[in-house]
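# Commentary on secondary and tertiary structure
For reference, the chains in residue letters:
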Amino acid sequence: MDLQNLRIALFDALKPYGDEEGKLPRALIERLLRRFSEEKLQLHLGKVLQEVAGKTDSVDIKQFVNWVCEEPEDRPSDRSTFKKRFQKGTATLKKVQCFRTKEQSMLLGVSIAFLSTDFLAEVEYHFGKGADPDYHEINPVMLYGPKARGFGMECPRDKKMGSSYADALDAKHTGPASVMLSWTWQYSVRTVVTSLLRWCERSQLNPLRTYVWQCALCNNQFRVAEKRANHETEDFDTFRTVFESRVHSTGHILALLSPWHRPMYTTRIWCVFELWVACQSKDVKLEVILSEQAEAEFHQSLSADGVVSVWKALGRVQIQKAKASVPEDRANIMRLVEPDVTTDEEYWASEKVNKLNQVVVQRLQAWCAEAAAQFAERSLEESIAVKPKACANTSWLLMEVNDWHRAMALLVQGRQALERLGKKGTLEDAWLLKCMGNWHTDLGHYEEGMDHLKLAKEAMEASGASGTVEYARLLRTIGKSLIGQGHVEDAMAMLKLSQDAFIRAEATNTPNYAVCLRSIGFCFGELGDLSEAMLHYSEAKAVFEMTQSTGTPNYAGLLTDMGRCKLTERELDDAMELFQQSLHAFKMAGAEKSKNFADLLHFMGVCLFEQGNSSEALRYFSESKETFNRCHLNKTTNYAALLANIADCLEHQGMTEECEEMRKEATEIYKAANVAQEVLEHMSPLERRRQRVANSPQKGMTSALTFHMSESADQAPTL
């Protein structure tokens, strides 16, 4: 290294220690010179200090750097030797990098520019050209051991030999970490580095000045290896303090997901915990990033099975099952989340732990909808071809997170793009029309919804798509809309056509077919045949489980429907057990802001009312009402049914005036939806069901049809 580069590196290394005027304390200069001088030259240290600092208490950084890097001239041999030794020592020890304080070292980050160049080059040097090892593989080669950069270097944290990879780098490649990477060591080097570089470029950040804290590079792996060899564990309070200070000092967490369909990220306890901490902290920014391959898989999934693949990928988060390389880390993390329990069984039952899972799932889903929307909107704005099916599925995701306005805007943009291409009335147009119909139906605009669904049906039939899964799904959606209006017989006929279409398309082993079976079961229940209803629910449950879709809101809704059958039969304890299982499933799927979840709360309230607990029933009714309003679903017949049951409860408590107000509002919603006359005559869905059961030739269910949510490796124990 020449003197000019040494001058720059030394100035950069010393600058953080200077004051606002760019001056260093005399005591720091003395300490620095002692560090790099030989013992026999200590006698001359006073003279050197006098030359550098005079009698002042501070010295200008530039003045000191100029003195250090000045070309040797003829002068007393001791001073010349000292300066030569100082230059050599400074270069060898990475230009005073070892002079960092412990606190600075703990929060030191590595520049993304270095990672994308020199770091990858170093990986290739050790593993061969084009190599892409994971971090477990590079650890004993590059991060600790005789070949590691930090080998033989003093660690600023404990003054022992052997430092972190970051502490061993030149000052120009490191700085106070501005972002913390939440990731797993199983990722390959190139997956991590390219993802960080893509994020940096998209965020318009300078990779030379963007420093990332990455545990593999910034923790001292020499000490980690030593502790592991000595079977030592970290003190819990130290563990908590260090982690919290790191999160809050950076104030920015990047969560790296890869691969998309089954991200390793959600199976590692550190990752889930870091994501949760970021969600809980208002002063911490959280961003989710994907590798290039994972992003391509994500966009592809939107054009394929869309919503189901998204829910399946993100609905698996269960910190109780997440793993850690160091068992003590897992114990410490679980203790941070829930200090009052110790056993796995208690963790599964813990409300705090399950709340963590819910928060993480909801945050990932919100990010997912946002990322999909940005991709679709950007593509449409830039006239880049975006598949209409991806556009429809993205809108569906936005509806799942209750971003209704943005969902419809995207659908309108998608149809306008198709119209410009002369594809109005085509199969592609049908996908968008179907989604528009769903949008209107979900918000209670049943007539507008049916108009769009009929147009979609005509377009599919004209395109020769009546033998496809999409056509089967469309028929099911029409059936669902008819159910909402109370036209149960018409809905049943349409759903039977949907079932036949699924069979013709050889798609009976899909989650969508399970949803169709669930809807048919619901119609049987409404028509009073509870035995057939439970048979179809049983078949739907088996398909959900076979396709590993038990983490979806539709599966949770199925459990609600099964509970309603028990409620109709007045088997109230069994009904409440199924409702509790449904509640757990909804929370695990992060779907607490949905119509189906509001329905669950509604019928839990009905069950409590039937048990004679009116006050508790009203509490659940109130929560259901709040959920409907929060999701902008207060014009739906589901909401009207809730109001009718609230009215019954209020009437039971003698609150006649409030009761009449509720019934009046429910009647207005029902009439606006053009519901069947029977619905207006018997506004409570439970009352209608029981009357139909009483009039049905097959009354009730067989005793064998009692279902419980099975325990498996992917589910919590039955509540």
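Residues numbered from 1 in each chain as written. Predicted model: local features only at pLDDT ≥ 70, side-chain atom pairs only at ≥ 80, totals over all residues. Heavy atoms only, no water.

### What about the packing of aromatic side chains?
Note on aromatic pairs: each is described by the distance of the centres and the angle between the planes. As a reminder, the rule being used: For this analysis, a ring pair means two rings from Phe, Tyr or Trp (six-membered ring only for Trp) whose centres lie within 6.5 Å, classed as stacked if their planes differ by under 30 degrees, edge-to-face if by over 60, and tilted for the remaining angles. Put simply, DSSP H or I for four residues or longer makes a helix, DSSP E for two residues or longer makes a strand, and each gets a number counted from the N terminus. Residue exposure (1.4 Å probe, protein chains only): buried if accessible area is under 20% of the type maximum, exposed if over 50%, otherwise partly exposed. Look at NZ for Lys and CZ for Arg. If either is within 6 Å of the ring centre and within 35 degrees of the ring normal, a charge sits over the ring.
Counting across every chain of the model gives ten aromatic pairs. Taken together, a centroid distance of 5.9 Å and an interplanar angle of 25° make the contact between F298 and W367 stacked. Here F298 is found in helix α14 (residues 292–303), whereas its partner W367 is found in helix α18 (residues 351–381), with 69 residues between them in sequence. Just as F298 is buried, W367 falls in that class too. Each ring, one from F502 and one from Y513, has its centre 5.6 Å from the other, and the planes form 70°; the classification is edge-to-face. Linking F502 in helix α24 (residues 488–504) with Y513 in helix α25 (residues 511–526), this pair joins segments that are eleven residues apart in sequence. Given a relative accessible area of 0%, F502 falls into the buried group. Ring pairs connect the aromatic residues F114, F119 and Y165, which therefore count as one cluster. Its end group placed over the ring of W431, K389 keeps NZ or CZ at 5.7 Å from the ring centre. We note R689 situated over the ring of F522; from NZ or CZ to the ring centre the distance is 5.2 Å.

### Concerning the side chain of T184
Stated precisely, the cut-off is as follows: It only takes one pair of heavy atoms within 4.5 Å for two residues to be counted as in contact.
Within the secondary structure layout, T184 lies in the loop between β5 (179–182) and α9 (189–202). What makes T184 buried here is its relative accessible area of 4%. Among all residues touching T184, those that are not within four sequence positions of it are M264, Y265, R268 and C271.

### Thoughts on the environment of M450
Relative to the helices and strands, M450 is located in helix α22 (residues 446–462). Filtering out sequence-adjacent residues up to four positions away, M450 remains in contact with I478, S481, L482 and Q485.

### Description of the nonpolar core
Heads up, the condition is: The criterion is simple. A nonpolar core is a set of buried Ala, Val, Leu, Ile, Met, Phe, Trp, Tyr and Cys residues joined through side-chain atoms within 4.5 Å.
Ranked by size, the top nonpolar core spans 197 residues in total, and within it L115, F119, Y135, W183, L257, L567 and F579 carry the most contacts. At 14 residues, the largest contribution of residues to this core is made by α18. Ignoring sequence-local partners within four residues, the contact set of L115 consists of V110, L120, V193, L196, V212, Q214 and L217. Listed in part, the eleven residues of the second largest apolar core include L14, V59, I61 and W67.

### Focus: the packing of helix α27 (residues 553–568) against helix α34 (residues 685–695)
Rules: With axes taken as lines fitted to C-alpha atoms, and helix axes fitted only over the stretch in contact, angles between N-to-C directions fall between 0 and 180 degrees. By definition, any crossing whose near helix is turned counterclockwise from its far helix by less than a right angle is left-handed, and any crossing with a clockwise turn is right-handed. Classification convention: Asp, Glu, Lys, Arg as charged; Ala, Val, Leu, Ile, Met, Phe, Trp, Tyr, Cys, Pro as nonpolar; all other residues, Gly among them, as polar.
Their axes nearest at 10 Å, the elements α27 and α34 cross at an angle of 65°. You can see that α27 and α34 cross each other, and the crossing is right-handed. Taking contact as the criterion, the partners of R564, C565, L567 and T568 in α27 are, on α34, P685, L686, R689, R690 and V693. Of the residues in the contact of α27 with α34, the class split is five nonpolar, one polar and three charged.

### Thoughts on the sheet that holds strand β4 (residues 174–176)
Applied cut-off: Here, any two strands with at least 2 DSSP bridges between them count as paired.
Read from one edge of the open sheet, six strands run β4-β3-β6-β5-β7-β8, paired in mixed fashion. Every other strand in the sheet has two partners, leaving β4 and β8 (285–290) as the edge strands with one partner each. Ignoring strand direction, the axes of neighbouring strands in this sheet form an average angle of 40°. Relative to strand β6 (residues 211–213), β5 is paired through two bridges, and the arrangement is parallel. Along β6, the bridge assignment pairs M180 with W213. Across the sheet, α18 is in contact with β7 (252–257) and β8; its angle to β8 comes to roughly 60°.

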